[in-house]
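Chains, contacts and geometry: an overview
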Amino acid sequence: MHFELSEEQNAIYDLVVGFMADKWSGDNRRQGLDSYPCQIPGELLREVADLGFYGISLDENSGGGGEPLLTSALIAEAAGGGLFPSLLTTTLVAAKALDLCDADSNWLAKVISGQQTVAIAIEEPNGCWGLDSIELTPQMDGQGGYLSGSKILVSDGDFAQVFLVAALLPDGPAFIRVNANAEGVEINSMRRLDGQSIVELEMKDVRFEQDDVLGDGAILNQVYDIWTVLIAADLLGNAQSVLRMTTDYAKERQQFARPIGSFQAVAHRLADIQVDVEIGRSLLYGACLALEEESDEATALVSAAKAWMNDLGVNAAETGLQLHGGIGYTWELDIHLHLRQARSNAVTLGDSKYHRARVASHLMSPEY
Amino acid sequence: MDLKFSPQDEQYRERLRAWLDVNLKQHQAVSKAGDVEPVQAARDWQKTLCEGGYLGLSWPREYGGQEASLTQQVVVSEELARSGAPAPINTIGISILGPTLIQHGSEEQKQRYLPKILNGEELWCQGFSEPGAGSDLASLQTRAVAEGDHFVVNGQKVWTSLGMIADWCFLLVRTNPGAPKREGISYLLCNIKTPGITVRPLRNAGGGSHFCEMFFDDVRIPRENLVGEVNGGWHIARSTLDNERSGLSGVISIENSLDRLLQISASLNRGKERAIDSDSVQQQLAQLWIEKEGLKYLGFRNLSDQIANRPPGPAASVGKLFASRLRQKIGKAGFDIAGPLAQVGKKSPHSIARGRLQAMYFDSLGYSIGGGTSEIMQNIIAEKVLGLPRSYED
């Protein structure tokens, strides 16, 4: 019985938090809002890749760091708290997806080392989330087939050289590898609320071969769960940062000749967020462990973490904005950046209602 | 990271399950037959637990304890909660007074009181709160004046759980009214049969009457019943207040309530469908499950801290605050799910689950008051965890 971070995990978390504080700030994110997309400069991108984190939760045989999934979640958490672009999380997921799909090791090596960006395309313009609402069905022939249709909300699609496109094949769902520069591919920026990259991927008779087909339904489910839990981690880090910022401000800001944090109307709202952050952290660790151990409850716990963190992320940022008063409502303060990021992530890969429905189906299942 | 217990702990769990299978059934049969008076039956059950070696797990052997490992303590609280076994009737004595005496009592006091706390021979209640001293407990006014080898006590205590059946009471009294409020309090052990004590039951909002008010009128308590030093009582009481809620038994009891609610919603019809088939009910139940899981994994984190000998500290307030809110959400959800019949009394044939939901609701309302109100928990978190300035004069 030990349900706590290892020394390595604590060290990695501290390292990433420190890295974010040194190399990144809200100003970078603000720039992205004025000149979309928010982008990591080339040199910094190199440094991020050199940290060697993209493959941290892959087996050592696959060229990874041999760490559990939770270590990736901690990195996503630190990145989320530091308003760092989603490319880091996207790549953590892409590496994991390629590994699960047994993709060619040279390809995987390129992604882990940061030489190639792979984006994952799941959602379609039907107003729904989840693998169950995928309708994109390729025309198959003997050696492969053709893809026509569109995917939307593809994170970091502006930077991707390759897309993993989730589609319905005769044997069930799978990823199809589509190059960004393939004939028939059109990429349109969708401009996420927080200035980050999301795109619409339009495909018209895009040719793919048999070995461009990767994974199966079970693997796609796993990828969806892993990605969901990392976004939940991002939301947790975001809330934690807002809580820290707002607590610091409440200690300094004087009104009625005393710090506003000494008023219970202020203090209790911050205490409530602290409680929700602790519960969120517990859910995050629980979900990562369940995924790692392939527990029957894994999907329900992932959904629990995402539903909780959606609400936490948005509530923390809105509360932070309110408790900062006038200054909280300015463009200069980072709070609205946190709020934009939380609002966007809270509707990425499923809102709270969607994930509560997934939990409910677990509770209704005969195994429960 | 893993949530597994050692094979030894699992064997211990198996033995306890087998033991419960026999002994709990026996106790339930006796209770159901109704031949034994309920308080006596509860005392007997505690004695059975004690003789089985499942009480006082952390206590030293010389006073009847088991000196069991922390994980064994967790296994016992888990299994007792899971089996639906009643808590030992002397819970207040076991969880609050026992650890206090072990830490601060004299050798005579330990030998005199601890074994009888465990086997249920002497039931204890706690005399802390007063009409004027609730959240601000340190402002208590019950006076104790030293007279020869006695203290003479005058005052009133309130919200005394088990006061009607207890044999003894541990008391906080003011021994130095001139000193700062925390420096003038002493900790006394008082036999409830002592002349001058009047106990009156108070009915709680749910209709039950498990707490009381106690009046002290020139009550003479022997000096040997003082725990620790004169005027040192506040710090003694504080040191065991944080001790209270460890382990996962609270979560399991919440889990049991939630499971009951799930079963009831599957058996209730609302219009043409079962209550549980409605979207909004599913959303509500899912949210409760999510929060229950959050509390459970928070419990695992706290437990890991304890195993690694890291003190729980103010983080315990997080669990207490969240757990009481969750109990209340479950209680309220019961009313939502029951719909129009939620209001029907338990003795009516139309009542739902013989009033269980109503009882669950009223029970839940006490959790955010007893043992420190939720607002006090928020203060503690704001001050001790977030480091915000104190919000009130003290």
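Residues numbered from 1 in each chain as written. Chains lettered and ligands numbered in written order. Predicted model: local features only at pLDDT ≥ 70, side-chain atom pairs only at ≥ 80, totals over all residues. Heavy atoms only, no water.

What counts, and what does not: UniProt positions are given in the numbering used here, feature names are shortened, and annotations may be inferred rather than shown by experiment.
Where an unreviewed UniProt entry is consulted, chain B appears under the name Acyl-CoA dehydrogenase, with the organism given as Pseudohalioglobus sediminis. UniProt annotates chain B under Cofactor (unreviewed entry) with the comment "FAD".

Per an unreviewed UniProt entry, chain A is named Acyl-CoA dehydrogenase, and its organism is Pseudohalioglobus sediminis. Comment text from UniProt for chain A, heading Sequence similarities (unreviewed entry), reads "Belongs to the acyl-CoA dehydrogenase family." Word for word, the UniProt comment on chain A under Cofactor (unreviewed entry) is "FAD".

Remarks on the packing of aromatic side chains
For the record, the criterion: Only Phe, Tyr and Trp rings are paired, with Trp represented by its six-membered ring, and only when their centres lie within 6.5 Å; those with planes under 30 degrees apart are stacked, over 60 edge-to-face, the remainder tilted. Only DSSP runs of H or I covering at least 4 residues are called helices, and only runs of E covering at least 2 are called strands; the numbering of each starts at the N terminus. Exposure categories follow from relative accessible area, calculated using a 1.4 Å probe and restricted to protein chains: below 20% of the type maximum is buried, above 50% is exposed, and the middle band is partly exposed. We count a charge as sitting over a ring when the NZ of a lysine or the CZ of an arginine lies within 6 Å of the ring centre and within 35 degrees of the ring normal.
Inspection of every chain in the model, using the stated rule, returns 21 aromatic pairs over all chains. Consider the rings of Trp308 of chain A and Phe322 of chain B, whose centres lie 5.9 Å apart with planes at 85°: the pair is edge-to-face. Note that Trp308 of chain A is positioned in helix 9 (residues 298-323) and Phe322 of chain B in helix 9 (residues 315-338), a pairing that runs across two chains. Overall, Phe322 of chain B belongs to the buried group, its relative accessible area being 4%. Between Tyr361 of chain B and Phe362 of chain B, the ring centres sit 5.2 Å apart and the planes meet at 70°, which makes this aromatic pair edge-to-face. For Tyr361 of chain B, a relative accessible area of 22% corresponds to the partly exposed category. Cluster of aromatic residues (ring-pair linked, three or more members): Tyr113, Trp124, Phe128, Trp168, Phe170 and Tyr187 of chain B. The ring of Phe5 of chain B carries the charged tip of Arg13 of chain B above its face, separated from the ring centre by 5.1 Å. Lying over the aromatic face of Tyr367 of chain B, Arg327 of chain B brings its terminal NZ or CZ to 4.0 Å of the ring centre.

Here's the deal with the domain arrangement of chain A
All names here are of chain A. We apply this condition: Boundaries between domains were set according to an automatic or database domain assignment. In what follows, a contact means two residues having at least one pair of non-hydrogen atoms within 4.5 Å. The term buried area refers to how much accessible surface (probe radius 1.4 Å) is lost by two components on association, counted for both of them together.
What the domain assignment reports for chain A is domain 1 (7-116), domain 2 (120-216) and domain 3 (218-364). The C-alpha centroid of domain 3 is placed 29 Å from the C-alpha centroid of domain 2. Contact residues are listed per partner, giving 17 residues for domain 2 and 18 residues for domain 3. Note on domain 2 versus domain 3: buried area summed over both sides is about 1,600 Å², and carbon and sulfur give 68% of it.

Some thoughts on the UniProt feature "domain: Acyl-CoA dehydrogenase/oxidase C-terminal" (unreviewed entry) in chain A
UniProt records the feature "domain: Acyl-CoA dehydrogenase/oxidase C-terminal" (unreviewed entry) for residues 230-363 of chain A in the present numbering. With 75% helix and 3% strand, residues 230-363 of chain A has its two end C-alpha atoms placed 24 Å apart.

As for the pairing of strand 7 (residues 211-222) of chain B
Residues and elements named next belong to chain B. As a reminder, the rule being used: Paired strands are those between which DSSP finds at least two bridges.
Relative to strand 7, strand 3 (residues 150-161) is paired through ten bridges, and the arrangement is antiparallel. Looking at the pairing, Ser161 lines up with Phe211 of strand 7. Where strand 6 (residues 197-202) and strand 7 come together, six bridges link them in antiparallel fashion. Bridge pairing in strand 7 links Leu202 to Phe211.

With respect to a negative patch on the surface
Counted only if it meets this: The patches described consist of residues with a relative accessible area above 30% and no salt bridge, like charges being joined within 9 Å and nonpolar side chains (Val, Leu, Ile, Met, Phe, Trp, Tyr) within 5 Å. Residue exposure ignores everything except the shown protein chains as possible cover, and the areas themselves are Shrake-Rupley values with a 1.4 Å probe. One speaks of a salt bridge when a side-chain nitrogen belonging to Lys or Arg is within 4 Å of a carboxyl oxygen belonging to Asp or Glu. Under this rule, positive means Lys or Arg and negative means Asp or Glu; His and the chain ends count for nothing. By convention, the charge on Lys lies at NZ, on Arg at CZ, on Asp at CG and on Glu at CD.
A surface patch of like charges, here negative, comprises Glu62, Glu67, Glu107 and Glu108 of chain B. Turning to its location among the elements, Glu108 of chain B is positioned in helix 5 (residues 107-119).

Section: empty space enclosed by the protein
Threshold: Points on a 1 Å grid over protein atoms alone make up a cavity when a 1.4 Å probe fits among them but cannot get out, and a pocket when they form an open set with protein on both sides within 12 Å along at least five of seven lines; lining residues each have an atom within 4 Å of a point. Grid points are joined across faces, edges and corners, and a volume is the space filled by probe spheres set on the points. Under the scheme applied here, ten amino acids are nonpolar (Ala, Val, Leu, Ile, Met, Phe, Trp, Tyr, Cys and Pro), four are charged (Asp, Glu, Lys and Arg), and all others, including Gly, are polar.
Counting across every chain of the model gives four cavities of 30 Å³ or more. Of the voids in this model, the largest cavity is the one considered here, and its volume is about 80 Å³. Forming the boundary of the largest cavity are Ser86, Thr89, Thr90, Ser155, Arg192, Trp227, Leu230, Ile231, Asp234 and Asn345 of chain A. Elements with a minimum of two residues in the lining of the largest cavity: helix 5 (87-100) and helix 7 (217-252) of chain A. If one sorts the elements of the lining of the largest cavity by residue count, helix 7 of chain A sits on top with four residues. Here the lining of the largest cavity is built from residues that sort into three nonpolar, five polar and two charged. Each of domain 1 (7-116) and domain 3 (218-364) of chain A contributes no fewer than three residues to the lining of the largest cavity. Surrounding the second largest cavity, Ala338, Leu341, Ala342, Val344, Ile352, Gly355, Leu357 and Gln358 of chain B form its lining. Of the residues contributing to the lining of the second largest cavity, the split by class is six nonpolar, two polar and no charged.

Focus on the side chain of Asp2 of chain B
Residue and element names in this part refer to chain B. Using the following cut-off: N or O atoms closer than or at 3.5 Å make up a polar contact, with two conditions inside protein: a donor-capable atom paired with an acceptor-capable one, and, for residues adjacent in sequence, both atoms drawn from side chains.
Counting through the fold element by element, Asp2 comes out in the segment before helix 1 (7-33). The side chain of Asp2 sits in the buried core without any salt bridge; Lys4 is the nearest counter-charge, 4.6 Å away. Looking at Asp2, its side chain comes within polar contact range of the main-chain nitrogen of Lys4, at 2.8 Å.

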